[in-house]
Structures are given as C-alpha cells and as structure tokens.
Amino acid sequence: MNPHSDYSLDKFLLSGLEEIDSRGLTRRLSALDGPQQPRVIQNGKELLNFSSNDYLGLATHPELKTAAMAEWERSGFGSGASRLICGTLAAHEELDRAIAEFKQTPAALSFSSGYAAAMGAIPAICGTGDVIILDKLSHACLVDAARLSGALLRVFPHNDLCKLESHLKWASAKHPGAKILVIAESIYSMDGDRAPLREMVELKERHGAWFFLDEAHAVGVIGRQGRGLADEEGIADHIEIQMGTLGKALGSHGAYIAGTSTLRKFLINRARSFIFSTSPPVPVAAASRKAIEIAASPEGDSLRTKLWENIRHLQSLLSIKVPASAILPLVIGNESAAVETSARLLDQGFLVPAIRFPTVAKGSARLRVTLTASHTRFDIESLARALHGSAALKQERPSLLAR
Ligand SMILES: *Cc1c(COP(=O)(O)O)cnc(C)c1O
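Some details on the pattern of salt bridges
A complete count under the given rule lists 23 salt bridges for this structure. Measuring nitrogen to oxygen at the nearest pair gives 3.0 Å for the salt bridge that ties E205 to K204. By relative accessible area, E205 is classed as partly exposed at 40%. Exposure remark for K204: the relative accessible area of 1% places this residue in the buried category. The salt bridge partner of E240 is K204, with a shortest N-O separation of 2.9 Å. With E240 in the loop between α8 (229-232) and β8 (241-245) and K204 in helix α7 (residues 197-206), the pair connects residues that are 36 residues apart, well separated along the chain. Judged by relative accessible area, which is 30%, E240 ranks as partly exposed.

Some thoughts on helix α12 (residues 298-318)
Note: α-helices contain 3.6 residues per turn, so residues at a spacing of three or four share the same orientation. Between its first and last C-alpha, α12 extends 30 Å over 21 residues, near the 30 Å set by a 1.5 Å rise per residue. Note on α12: the residue one or two positions beyond its end, S319, has a positive phi of about 45°.

Notes on the sheet that holds strand β3 (residues 107-111)
Ordered in space as β3-β9-β8-β7-β6-β4-β5, the seven strands form an open sheet in which the pairing is mixed. Two strands bound the open sheet, and with one partner strand each, they are β3 and β5 (152-156). In this sheet, neighbouring strand axes are inclined to one another by 20° on average, regardless of whether the strands run parallel or antiparallel. Of the strand pairs in this sheet, β3 and strand β9 (residues 255-259) are connected by five bridges, and their pairing is antiparallel. Bridge pairing in β9 links F111 to A255. Along the sheet, helix α9 (residues 261-270) contacts β3, β8 and β9; its crossing angle with β3, the most-contacted strand, is approximately 30°.

Overview of the pairing of β3
Among the five residues that make up β3, five are buried, leaving the element largely enclosed by the rest of the structure. Both faces of β3 are covered, namely the face carrying A107, L109 and F111 and the face carrying A108 and S110.

A few points about the domain arrangement of the protein chain
Segmenting the protein chain into domains produces domain 1 (25-55 + 326-396) and domain 2 (61-295). Each of domain 1 and domain 2 has a C-alpha centre, and the two are 28 Å apart. Counting from both sides, the interface comprises ten residues of domain 1 and, opposite them, eleven residues of domain 2. Looking at the side of domain 1 facing domain 2, the largest losses of area belong to N53, Y55 and I327, adding up to 49% of the total buried there. Taken together, domain 1 and domain 2 are joined by one salt bridge. One salt bridge in this structure joins D191 and R366, with 3.0 Å as the shortest N-O distance. Summed over the shared surface of domain 1 and domain 2, the result is five residue pairs in polar contact (both at pLDDT 80 or more). Mapped by element, the contributors of at least two residues to the side of domain 1 that touches domain 2 are β10 (327-333) and β13 (365-370).

A look at the side chain of Q242
Mapped onto the elements, Q242 comes out in strand β8. The class of Q242 is buried, set by a relative accessible area of 2%. Non-local contacts of Q242, meaning those with residues more than four positions away in its chain, are made with K103, T105, L213, E215, A230, A236, Y256, I257 and A258.

Things to note about the environment of Q36
Note on placement: Q36 falls in the loop between α1 (9-22) and β1 (39-42). A sequence separation of 79 residues divides Q36 from Y115, and the C-alpha atoms of the two residues are 21 Å apart. Filtering out sequence-adjacent residues up to four positions away, Q36 remains in contact with N49, S52, D54, A59 and T60. Side chain to side chain, Q36 and N49 meet in a polar contact 2.8 Å long.

Comments concerning the pairing of β10
For β10, the buried fraction is high: seven of the seven residues fall into the buried class. Burial of β10 is two-sided: the residues I327, P329, V331 and G333 facing one way and the residues L328, L330 and I332 facing the other way are all buried. In this structure, β10 lies alongside β13, joined through six bridges in antiparallel fashion. Looking across to β13, one finds that G333 is bridged to A365.

A word on unusual backbone geometry
A cis amide bond links F357 with the next residue in sequence, P358, at an omega value of 10°. Residue placement: P358 occurs in the loop between β12 (354-355) and β13. Phi is positive for Q225, which is not a glycine, with a value near 55°. Take Q225: it is sitting in the loop between β7 (210-214) and α8. For S319, which is not glycine, the phi torsion reads 45° and is therefore positive. Position of S319 among the secondary structure elements: in the loop between α12 and β10. What makes S319 partly exposed here is its relative accessible area of 46%.

Thresholds applied
- Residues numbered from 1 in each chain as written.
- Predicted model: local features only at pLDDT ≥ 70, side-chain atom pairs only at ≥ 80, totals over all residues.
- Heavy atoms only, no water.
- Salt bridge = Lys/Arg side-chain N within 4 Å of Asp/Glu carboxyl O.
- Buried < 20%, exposed > 50% of the residue type's maximum accessible area, 1.4 Å probe, protein only.
- Helix = DSSP H or I, 4+ residues; strand = E, 2+ residues; numbered from the N terminus.
- Expected span 1.5 Å × (residues − 1).
- Pairing = 2+ DSSP bridges.
- Axes fitted to C-alpha atoms, helices over the stretch in contact; angles between N-to-C directions.
- Contact = heavy atoms within 4.5 Å.
- Domains from an automatic or database assignment.
- Buried area = accessible area lost by both parts, 1.4 Å probe.
- Polar contact = N/O pair within 3.5 Å; in protein donor to acceptor, adjacent residues only side chain to side chain.

Have a look at this one:
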C-alpha cells in the first residue's frame, strides 16, 4: 500500500465494500469440508444441501473417479498448452466426439467452462453491425458475451414472444443484411422455468435469425437420455448453436458448443476463449466423457426418474405448481428477508441459498432450492417441514402459488 496516496487501492476497495454492505448485498465464500453431495459439512456443521447443480449426483460417482484416474495414468494431469498449440490430447478429442454423439449433432467443441463457451462463441459469430436479441433473464455469461461482441443488443422481457417478434421485425427491417442472433436458455437458472422453444424457433426461422441456446440446467435432466429441452421438444435440429455445461448435471467441469462441423471448425479458428486458454486437465475431460455415457445409459434414466420423483414430492408437500425443472425458486422479495430466512434455515441444518441482486432483479430475492437424484424422501420431507415453519415464506404464499 502506498502511504503517500490518498487514493490507495485498498481505500477504494473498502469504500466499495462498505457500499455493498450498506445495501445488504455482501457475499462471502464458505467452503465445504468434503465432497459435493446432499449431506455436507460446512464450518464443522452437517447440513442438508439444497443448493447444488449436481442434479444426477454424478459429482461423486465412482465411475467418474475411475475414468479420471485411468486418464491420469494414461496422460498425466495438466494438458500443458492450449488446444491449438500442443494441448489437444486424445481425451479432448474423445470428449468432443462423445458430446456430438450425445447431442446428435455432426460435431461439438468442448470449452473450459460455460462462461468461456459463451464468451468465445458469441463474439466469434456476431460483431459490429449485427443484432443480438436476448431474453432478459439470460445468464451473465450470455449478456457479457453479447456486449463483448459489439453487436446491437435488444432485450425482450422473459419469455415474451410478442416482444421477441417485434425485435426480430425491427432487426430485419432496419438492419437488412445484418446477422441476427437470438440467445436464450432452455431452463432459467434462477427461475427454473422453461423457454417456449417451439414458438421461438418458429419466430427466428420466419425472420431469418439464428438461435443460440444455453441448455446448462436442462442437459442430463430433460429430454431423451438427458439431451436437453430442445430434444424433448423435438426441435434440436432447428437450433444452430447448442450450448451446454458439463459441470452441473454431468458432475464434471467444462462446457460445449454443439452444431455442424463447420461451426466447430469456425470456433476453433475464431473463439478467443478457446484459442488463448490452456485446455482442461485430461482427467477432467475423461470424467466428462464418462458422465455423458452414464447420463445416456439406463442408469441415467433411473437417476432422472429418481430426480423427478423428488421434485414432485417436494412440489406436493409445498402445494406449489409442478416445477419445470430441478430448480424451485421460492420468491421472498426483500433482500434482507431472503438472507434472514436462508440464515434461519442454515441454523436448522439446511443449505438453501438466498439469491439476490445482481443475480436476480432488485426486490425479487428468493430462496433457490435445487433437488438432486441423491436426496432421499426423508431429506425432502425435512426441508418441507422447515419451510412450512418459515414466516417469510408464509407471508409470500400468494406469490409462491402464482409461480
Ligand atoms: C452455470 C451456467 C453457465 C456457466 O457455466 P460454467 O461452466 O459454470 O462456467 C452458463 N449458462 C448458464 C445458464 C448457467 O447456469
């Protein structure tokens, strides 16, 4: 720290932190002491975990471990370089092929993370003079990538097909010749609801746009063999750029873009997050491939059956409308009330995070409950009892039911 400066970095940072704190928005890290699973230890206390995206419980699956260790024996740990230098090892190519086969697309390209996939692919495809139209609730990485691209941005209210159509009409009328890219998720990460994909496909085709779909919370959970919502709706072939992550239901780490082999070749040449970044450790690639194999197997089907039984069970205990995914948002509204409710649940042994601004809009703070195939009926019944005892949620009952 420079004692002679009135504007030392720490002074600036502290005032920023105070400002965040004054709005009740301070966030802190809290490590788990042990693996990612329904029962976790945090700060020496056993908690029932209802906050993980490990929907199928694959993060601790013994076969992922075996696959990772076998790959470690075969090729070591780090990949040593970016994919285009000498960091493409057999495990990376095998993973890319496995993703393409799983997604039933001609090709796929894996990335180090979902964030990197979006940041690489979107600005590779669209730039200045193009138009990107995205759903208001799109994940931060999609928004950041759209901004980075330099394209004109138009946002439509969440799942609002009329507004999407008017943006599409505007784009094709006012920007003839521009590329138009529609960006959306299939399952929204903080609301757990589904996008009207069939209608969106129809609209983007009518107006000559392309579709970039992020299936982060649908892969493994929805669709035949867990291929996602586009598969379930039978319109996967109409979505030019299909993104998904390997770190959620697939229990590993990384992400992919699936599409034509031309798309893959183009991204290898143009996606900067792919080109200028060391490729993932090979044991991670091997674990991802194993996870896809399990998700697509009869074992994957039975894990999905168990997951959906769990979802329906909690839904009936809370008398809420049938959730569209493994994510159940219990909207409280006020930021502090959400944080307090989450803290009270923590005292009672439940890990249910409060999600607030800037992750969701101001005044729509919520508890975000996620379920996995590894939860037991008993786990779910305990959570339901604790939620029934929660004052903030009782007050918010009407909005809960409206969702
Ligand atoms: C988690 C998530 C991402 C980011 O993926 P990571 O692999 O965690 O970087 C992207 N999009 C959506 C919708 C997500 O939920």
